[in-house]
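Understanding the architecture of this molecule
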Amino acid sequence: MARRTKEEAQATRERLLDTAEREFQRRGVSRTSLQDIARAAGVTRGAVYWHFRDKADLFAAMCQRATSPMDTLAEQASEATGGSPIGTLRALCVDALAHLTGDPRTQAVFEIMFHRSELAGELAGIAERHDRDCRQARARVESVIARAVAAGELPRDTDTALAVEALYAYLTGLMHGWTLDPSSFDLRACAPALVDTFIAGLVANPPRVGSR
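Residues numbered from 1 in each chain as written. Predicted model: local features only at pLDDT ≥ 70, side-chain atom pairs only at ≥ 80, totals over all residues. Heavy atoms only, no water.

Regarding the pattern of salt bridges
For the structure on display, the rule yields 13 salt bridges. Among the ionic pairs, arginine 65 bridges to glutamate 14, the shortest N-O distance being 2.8 Å. Taken together, the positions of arginine 65 in helix 4 (residues 55-65) and glutamate 14 in helix 1 (residues 2-27) put the pair 51 residues apart, joining distant regions of the chain. Of the residues examined, arginine 65 reaches a relative accessible area of 17% and is grouped as buried. A salt bridge links aspartate 18 to arginine 65, with the nearest nitrogen and oxygen atoms 2.9 Å apart. One end of the pair, aspartate 18, is in helix 1; the other, arginine 65, is in helix 4, with 47 residues separating them in the sequence. Through salt bridges with shared partners, a single ionic network connects Glu14, Asp18, Glu21, Arg65 and Arg105. (Salt bridge = Lys/Arg side-chain N within 4 Å of Asp/Glu carboxyl O. Helix = DSSP H or I, 4+ residues; strand = E, 2+ residues; numbered from the N terminus. Buried < 20%, exposed > 50% of the residue type's maximum accessible area, 1.4 Å probe, protein only.)

Overview of the layout of surface pockets
By volume, the largest pocket is sized at about 700 Å³. Around the largest pocket, the lining is made up of 24 residues, and of these Ser68, Asp71, Met113, His130 and Asp133 lie nearest the centre. Of all the elements, helix 8 (residues 124-150) adds the most residues to the lining of the largest pocket, at seven residues. The residue makeup of the lining of the largest pocket, split by class, is 14 nonpolar, five polar and five charged. (1 Å grid on protein atoms, 1.4 Å probe; cavity = no way out; pocket = protein on both sides within 12 Å on 5 of 7 lines; lining within 4 Å. Points joined across faces, edges and corners; volume = space filled by probe spheres on them. Nonpolar A, V, L, I, M, F, W, Y, C, P; charged D, E, K, R; others polar.)

Description of the state of the cysteines
According to the stated counting rule, one finds zero disulfides in the structure shown. Considering cysteine sulfurs only, cysteine 93 is the nearest to cysteine 190, which forms no disulfide, with 16 Å between them. (Disulfide = S-S within 2.5 Å.)

Quick look at helix 7 (residues 104-115)
Here helix 7 spans 16 Å end to end across twelve residues, near enough to the 16 Å set by a 1.5 Å rise per residue. Those residues of helix 7 that fall on the buried side of the exposure criterion are Thr106, Ala108, Val109, Phe110, Glu111, Ile112 and His115. Measuring from the backbone nitrogen of arginine 105 back to the side-chain oxygen at the start of helix 7 gives 3.1 Å, which picks out aspartate 103 as the cap. (Expected span 1.5 Å × (residues − 1). Polar contact = N/O pair within 3.5 Å; in protein donor to acceptor, adjacent residues only side chain to side chain.)

Quick look at the side chain of threonine 160
With respect to the helices and strands, threonine 160 occurs in helix 9 (residues 160-180). Judged by its relative accessible area of 16%, threonine 160 is buried. Within polar-contact distance, the side chain of threonine 160 engages the side chain of glutamate 142 at 2.6 Å. Once residues lying within four places of it in the same chain are set aside, the contact partners of threonine 160 are Glu142, Ile145, Ala146 and Val149. (Contact = heavy atoms within 4.5 Å.)

Observations concerning the side chain of serine 117
By the element assignment, serine 117 lies in the loop between helix 7 and helix 8. At 3.1 Å, the side chain of serine 117 forms a polar contact with the backbone oxygen of isoleucine 112. Within polar-contact distance, the side chain of serine 117 engages the backbone oxygen of methionine 113 at 3.3 Å. Ignoring sequence-local partners within four residues, the contact set of serine 117 consists of Val29, Phe59 and Ile112.

Considerations on the confidence of the model for the protein
When pLDDT is averaged along the protein, the result is 88, and 94% of the positions lie at 70 or above. Ranking the elements of the protein by mean pLDDT puts helix 5 (residues 69-79) last with 73 and helix 10 (residues 187-204) first with 97. (pLDDT = per-residue confidence, 0-100.)

Remarks on the environment of alanine 60
Checked against the element boundaries, alanine 60 lands in helix 4. Residue class for alanine 60 comes out buried when judged on its relative accessible area of 11%. Expressed as a C-alpha distance, the spacing of alanine 60 and tryptophan 50, which sit ten residues apart in the sequence, is 16 Å. Residue contacts for alanine 60: discarding those within four places in its chain leaves Ile126 and Arg129.

Here's what the structure looks like:
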């Protein structure tokens, strides 16, 4: 009986997360209340509070279920060794864009984060955690660019930190535009060419130390 109760509770939690994802996409985060989510999920508001402290906690749990392509890029960057560092960077970026196109849950969460939410007010804590995670991820990716410098694939005076900022701005810009209208172009098919455009610019004219 206890096992069944635990399984039922987990099923309710997942239903709430699925419902929150749909309602946040449809209404926007700020316009969606916990009561709206409870009603759409067919549970009481008390059931929502049994699983989540508040809307920010629910929002954070929803985001954590999705596999962020940028987090995946960072994790793979920390594990990548050997071969051409620039070739590794290219492969990681292509994989990150392809991952977004192949995971409906990640697409939904990124659409919500980019276009249906303001990470302020009750979600300010999530914004702070997101910024902290991004800084850690950037450091991992920067290590690949640093290896490219050491291997002579980039000039010795390359500003690796600024190069990472440019890379993240480019990739998240592509993701932002594509999640707004996925029918506008085939991101998976175009990913190699789009990444090659950035890599070519980075190799030909990278940001230099002292340029900022």
